[in-house]
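# Fold and contact review
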There are 2 protein chains.
Amino acid sequence: MDVVISGTVAFDTVKTPFGYEKDILGGSATYASIAASRFCKAGVAGVVGADFSDKYTNVFKKAKIDTLGIEVISDGKTFSWEGEYGKDFNNPETIATNLNVLADYKPKVPSSYVDCKFLFLANLDPDIQLDILGQFKKPRFVVCDTMNFWIVNKKKSLIDLIKRVDFFLLNETEIRMLTDETNILCAASKLMKYGLKGLIVKRGEYGAVMFMGNSVFCLPAYLLDKVYDPTGAGDSFAGGFIGYLAGQKTINSGFLRKAVVYGSVMATFAVEDFSVRGLVKNKLSDVNKRYKGFSKITGF
Amino acid sequence: MDVVISGTVAFDTVKTPFGYEKDILGGSATYASIAASRFCKAGVAGVVGADFSDKYTNVFKKAKIDTLGIEVISDGKTFSWEGEYGKDFNNPETIATNLNVLADYKPKVPSSYVDCKFLFLANLDPDIQLDILGQFKKPRFVVCDTMNFWIVNKKKSLIDLIKRVDFFLLNETEIRMLTDETNILCAASKLMKYGLKGLIVKRGEYGAVMFMGNSVFCLPAYLLDKVYDPTGAGDSFAGGFIGYLAGQKTINSGFLRKAVVYGSVMATFAVEDFSVRGLVKNKLSDVNKRYKGFSKITGF
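Right, let's walk through the structure included here. Numbering of residues starts from 1 in each chain and follows the order in which that chain's sequence is written. Each chain is given a letter, starting from A, and each ligand a number, starting from 1, according to the order in which they appear as written. At least 70 in pLDDT is required for a residue's local features to be given in this predicted model, at least 80 for side-chain atom pairs to be given and counted, and no such filter applies to totals for whole chains, interfaces and linings, which use all residues.

## Description of the overall build of chain A
On a plain count of helices and strands, chain A comes out with 11 helices and 13 strands. In summary, chain A has a C-alpha radius of gyration of 18 Å against a globular reference of 19 Å for 300 residues, a match within 12%. On the principal axes, the C-alpha backbone points of chain A span a range of 55 × 40 × 40 Å. Looking at chain A as a whole, 51% of its 300 residues qualify as buried. Within chain A, counting contacts between residues at least 6 apart in sequence, those at least 24 apart form 66% of the total. Think of it this way: any DSSP run of H or I at least four residues long counts as a helix, any run of E at least two long counts as a strand, and we number them from the N terminus. Only C-alpha atoms enter the radius of gyration, while the globule expectation follows 2.2 Å times N to the 0.38, with N the number of residues. Field definition: a residue is buried when 20 or more other C-beta atoms are found within 10 Å of its C-beta, exposed when 12 or fewer are, and partly exposed for counts in between, with C-beta atoms placed from the backbone. What counts as a contact here is a pair of residues whose C-beta atoms, placed from the backbone, lie within 7 Å.

In structure tokens, the structure reads:
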């Protein structure tokens, strides 16, 4: 296995100006693992309830993702989220969050996963992320994501986690919140001091910025004429990013920049449809075509 | 003369979190002509009052800008603007606007200007912009800027103007307002139908997007650790853009992309100090150094 992705596996109910879909497959680990699976062999770790039927499991199987790490709680219900996007696609309104099986999640990473060298800790309680990280023997490249809720409520654990991972991902609001700095350069330099090798600030419809040592890489977003459902864009980005890297023989600054582009490609696919449909329907040739598109719109 | 820039020449009083300066040199034509003068011979057209002392005129002279087009109204006062920027550097609060000599401005373009091939119509009442444009004999490349006020109050004149220029500049809020489209791609395609050769959407701290026919060029903004005063960023961008092009032997898509980068370089210099100080203190070698910086942060 080239990469393990841990995080949430969820049922989403989503309303956007372009449609309404109920109980569709979602969750941070879902989007990220499916995006990663385009580039390498991925395994997923998470927890679901007995209501997680074959209809959902088959999506992972079709993408050739190892699902041994998805624990099924036979008397539990799958974590679910309901949200609505207005005109501001960056900030959905949460209508309901049902933690269900996530409330008592005690991750047990399968023994077939723990030697894996690439690990993406998608958004979860940072204490659980630390627990999962601790179960891996000697990961070579660990990427971690979070959200505003943990910055407010579990800042200490989150900082402990940042000190132990290689790359950290967050959005602009989150990095400002976490560092108390308005200027993104100053905020990034503050976070990098915890010993990170790199930091990626996700800027939604404006692209992403990667910080590594003293170097900066800025990628604008691809302009899309249809954005149906922005759910999972960040996780798809992260999955594409680490999936591409896990598929290479080495990690260097050139591959890291390319990984940001591939991550962005996967994010654009994710938002073009509801659930993970935009991710699964695009072949590797589509991925490479859009990668070239990024090159075309940014070169000078 | 390679390029003529018409617009406002003003006294600004500006407060930002980093300082307060009173009656400093400002105005759309000021920023744009000084930025353009880095790349070619520029002339400026506008109107000022008797209070526009040598202290201000000398700034243009030092930049070797032709000021014959600046009309002095001997019994009038120079247009002035007072504004304050809070944390949101994109939307200053206007404290006072005194039109003064601008209220009755009847532009008379000097005969030495009217054969010029490159023209930038910086932000002004679109009827005045049309008047100025009409005084030029056969301009080859006309770029035009505007602001939300004219979109709301003079939409018809503005559309007439758009039909007669080559390139149009505006920011994201303005293009959405003007086209009633939220999606930038759809909004741009709607505006391009008026016969524009190109369209540039300025995105402030997120860079700029240029549309030309079916091609798109996205440039992220340079990350700066100090932004002291964002006034004039858009005009400096426009001045650098057209100034660079006016200095070339031909216009093609490669030069247009480079022009967007040079425009962005000038915008970064403008915001690093109050008034036009950031523009005048940087030499051509500094310009080229930052241009290379853009190339470094965007390449993959």
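## Examining the relation of the copies chain B and chain A
A least-squares fit on C-alpha atoms brings the copies together, and the residues used are those whose pLDDT is at least 70 in both copies. It takes a turn of 180° to lay chain B on chain A, together with a shift of 0.0 Å along the axis; the resulting RMSD is 0.0 Å. In symmetry terms, the pair is related by a two-fold rotation axis. Distance from the rotation axis, computed per C-alpha, reaches its smallest value in chain B at Pro220 of chain B: 2.7 Å. Comparing interface residues between copies, 100% of those in chain B also sit at the interface in chain A, which points to an isologous, same-surface contact.

## Looking at the sheet that holds strand β5 (residues 66–73) of chain A
Residue and element names in this part refer to chain A. A pair of strands is considered paired only if DSSP assigns at least 2 bridges between the two. The strand order across the open sheet formed by 9 strands is β5-β4-β1-β8-β9-β10-β11-β12-β13, and the pairing between neighbours is mixed. Sheet topology places β5 and β13 (215–219) at the edges, where each strand pairs with a single neighbour. Averaged over all pairs of adjacent strands, the angle between their axes in this sheet comes to 15°, without regard to strand direction. Two strands pair when backbone bridges link them, and strand β10 (residues 167–171) and strand β11 (residues 198–202) are joined in this way by 5 bridges, in the parallel orientation. Residue Asn171 lies in a different strand from β11, and its bridge partner there is Lys202. Each axis is a line fitted through C-alpha atoms, taken for helices only over the stretch in contact, and angles between the N-to-C directions span 0 to 180 degrees.

## Section: the pairing of strand β12 (residues 208–212) of chain A
Residue and element names in this part refer to chain A. With 4 of 5 residues buried, β12 is to be regarded as a mostly interior element. Of the pairings in the sheet, the one linking β11 to β12 comprises 4 bridges and is antiparallel in character. Among the inter-strand pairings, Val201 is bridged to a residue of β12, identified as Val209. The hairpin formed by β11 and β12 contains 5 residues between the paired strands, and Gly204 there has a positive phi angle of roughly 55°. In this sheet, β13 lies alongside β12 in antiparallel orientation, the contact comprising 5 bridges. Residue pairing across strands places Ala208 opposite Leu219, the latter belonging to β13. As consecutive antiparallel partners, β12 and β13 are separated by 2 residues, and within that stretch Gly213 has a phi angle of approximately 55°, a positive value.

## Brief notes about the interface of chain B and chain A
On the side of chain A, 23 residues touch chain B, which itself brings 23 residues to the contact. If you list the elements that add at least two residues to the side of chain B that touches chain A, you get α7 (184–192), β13 (215–219), α9 (253–271) and α11 (284–298) of chain B. Counting residues per element, the side of chain B that touches chain A draws most heavily on β13 of chain B, at 4 residues. Note on residue classes: Ala, Val, Leu, Ile, Met, Phe, Trp, Tyr, Cys and Pro are nonpolar, Asp, Glu, Lys and Arg are charged, and everything else, Gly too, is polar. Class assignment for the residues of the side of chain B that touches chain A results in 14 nonpolar, 4 polar and 5 charged.

## Section: the sheet that holds strand β2 (residues 10–16) of chain B
Residues and elements named next belong to chain B. Overall, mixed pairing links the 4 strands, which are arranged β3-β2-β6-β7 in an open sheet. Each edge of the open sheet carries a strand with a single partner, namely β3 (19–26) and β7 (93–98). Mean inter-strand twist for the sheet, computed between neighbouring axes without regard to direction, equals 15°. By the bridge criterion, 5 bridges tie β2 to strand β6 (residues 80–84) in an arrangement that is parallel. Bridge assignment links Val14 to a residue of β6, and that residue is Gly83.

## Considering unusual backbone geometry
For Ser275 of chain A, which is not glycine, the phi torsion reads 50° and is therefore positive. Along the polypeptide, Ser275 of chain A turns up in the loop between α9 (253–271) and α10 (277–280). A tally of 24 C-beta atoms within 10 Å means that Ser275 of chain A is categorised as buried. Here the phi dihedral of Asp180 of chain B falls at roughly 60°; this positive angle occurs in a residue that is not glycine. Structurally, Asp180 of chain B can be placed in the loop between α6 (172–179) and α7. Residue classification places Asp180 of chain B among the exposed positions, given that 9 C-beta atoms sit within 10 Å.

## Quick word on the packing of helix α8 (residues 233–246) of chain B against α9 of chain B
Residues and elements named next belong to chain B. Relative to each other, α8 and α9 sit at 140°, their axes nearing to 7 Å. Relative to α9, the element α8 lies oblique. α9 is crossed by α8, and the crossing has right-handed handedness. Seen from α8, the contacting residues are Ala233, Ser236, Phe237, Ala238, Gly239, Gly240, Phe241, Tyr244 and Leu245; seen from α9, they are Phe255, Lys258, Ala259, Val260, Tyr262, Gly263, Ser264, Val265, Met266, Ala267, Ala270 and Val271. An angle below 35 degrees is treated as roughly parallel, one above 145 as roughly antiparallel, one from 65 to 115 as roughly perpendicular, and anything else as oblique. Less than a right angle of anticlockwise turn of the near helix away from the far helix marks a crossing as left-handed, whereas a clockwise turn marks it as right-handed.

## Quick notes on the environment of Lys106 of chain B
Residues and elements named next belong to chain B. Along the chain, the position of Lys106 falls in the loop between β7 and β8 (118–121). The exposure class assigned to Lys106 is exposed, which follows from the 8 C-beta atoms found within 10 Å. Separated by 111 residues in the primary sequence, Lys106 and Phe217 have C-alpha atoms spaced 37 Å apart.

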